[in-house]
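Report on the structure
Here are the chains, one letter per residue:
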Amino acid sequence: MRDIIKHHVFEDNDGTVQWVTNKGNKVSYSTGQTWDDLKVNKVNVPWHHVVWFPQANPKHAFIMWLAIQERLTTQDKLMKWYPLKTFQCELCGKEADSINHLFFGCEYSKAVWLEVKKLLLFRGLPTNIHAIVQKIAVFSYRNQIWDVINRITIAATVYNVWQERNSRIFKGRRRSESELVKCIVEGIKLNPTSFKIKNSVSMARAAKNWGLDLDGSRLVIKHLM
Ligand SMILES: [Zn+2]
């Protein structure tokens, strides 16, 4: 698995993710191409459905996938290449970033999770990427509203924290924790999707939290993902 991802994924200096196709061509990340390549390689892991599922935002899923595989170029990796350089997390400035610091240990990320969690059915704050995968993997084969919303929102949060980190490094643009939360929520609401309702009690709570609409027997998340 790691070999396949290593073979396929490159990250340019500006943090742009590039994909190397099975034919060896370096291209900008494209969902279709990625799916095709992964399908050919028969990539599968027990937590596959945590990341890849019908309602997933492919861009978010891709960064989540890389984070779980620890394939994002975080500062703990750069320290090995540049031992004399001092690295500080762009979000809190307290220590070099790593997958777990950036997404879960950082004060900035914790503040973001605290707000995002209010929109989820999720107890406690996630402490590391593997714990979160284990937690939601149990239910990720189901297609019930909260299973989907949890996965969508977690991936969107991981994606946006990564974007914020890169935006500060490469563009000098900074958003506050509350601005990022707003961006996460609005981003999720922009992409329409729908799926069958299986649990009306859960649906009612989801509808309340997210301001969703009902259309016959299907829950139309007009603006969710
Ligand atoms: Zn930090």
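Anyway, here's the lowdown on the structure attached to this text. (Residues numbered from 1 in each chain as written. Predicted model: local features only at pLDDT ≥ 70, side-chain atom pairs only at ≥ 80, totals over all residues. Heavy atoms only, no water.)

Examining the coordination of the zinc ion
The protein atoms donating to the zinc ion are Cys89 (SG), Cys92 (SG), His101 (NE2) and Cys106 (SG), with metal-donor distances spanning 2.2 to 2.3 Å. Around the zinc ion sit 4 donor atoms; with metal-centred angles ranging over 102 to 117 degrees, the donor geometry is tetrahedral. Considered as a linear motif, the donors of the zinc ion on their single chain read C-x2-C-x8-H-x4-C. Of the two residues, Cys89 sits in the loop between α5 (75-81) and α6 (99-105) while His101 sits in helix α6, which places them 12 residues apart along the sequence. (Donors = N, O, S within 2.8 Å, 3.2 Å for Na, K, Ca; no water. Tetrahedral: all angles 85-135°; square planar, octahedral: opposite > 155°, others 65-115°. Helix = DSSP H or I, 4+ residues; strand = E, 2+ residues; numbered from the N terminus.)

Focus: the environment of Asn128
Here Asn128 is to be found in the loop between α7 (107-116) and α8 (129-137). Relative accessible area serves as the criterion here: at 23%, Asn128 is assigned to the partly exposed category. Spatially, the C-alpha atom of Asn128 lies 8.3 Å from that of His101, the residues being 27 residues apart in sequence. Those residues in contact with Asn128 that sit more than four places away from it in its chain are Asn100 and Phe104. Within the structure, the side chain of Asn128 is placed 2.9 Å from the backbone nitrogen of His130, a separation counted as a polar contact. Side-chain polar atoms of Asn128 contact the backbone nitrogen of Ala131, separated by 2.7 Å. (Buried < 20%, exposed > 50% of the residue type's maximum accessible area, 1.4 Å probe, protein only. Contact = heavy atoms within 4.5 Å. Polar contact = N/O pair within 3.5 Å; in protein donor to acceptor, adjacent residues only side chain to side chain.)

Quick look at unusual backbone geometry
In this model, Glu70 sits at a positive phi of 55 degrees, which is unusual for a non-glycine residue. Position of Glu70 relative to the elements: it lies in the loop between α4 (58-68) and α5. Overall, Glu70 belongs to the partly exposed group, its relative accessible area being 32%.

Quick notes on the pattern of salt bridges
Tallying each qualifying case throughout the model produces 5 salt bridges. Glu115 serves as the salt-bridge partner of Lys118, at 3.0 Å between the closest nitrogen and oxygen. By relative accessible area, Glu115 is classed as partly exposed at 36%. With a closest N to O distance of 2.7 Å, Glu164 and Arg168 form a salt bridge. Of this pair, Glu164 and Arg168 are both found in helix α9 (residues 145-171), 4 residues apart, which corresponds to roughly one turn of the helix. A residue is classified by how much of its surface remains accessible, and Glu164, at 0% relative accessible area, is buried. Judged by its relative accessible area of 9%, Arg168 falls in the buried class. (Salt bridge = Lys/Arg side-chain N within 4 Å of Asp/Glu carboxyl O.)

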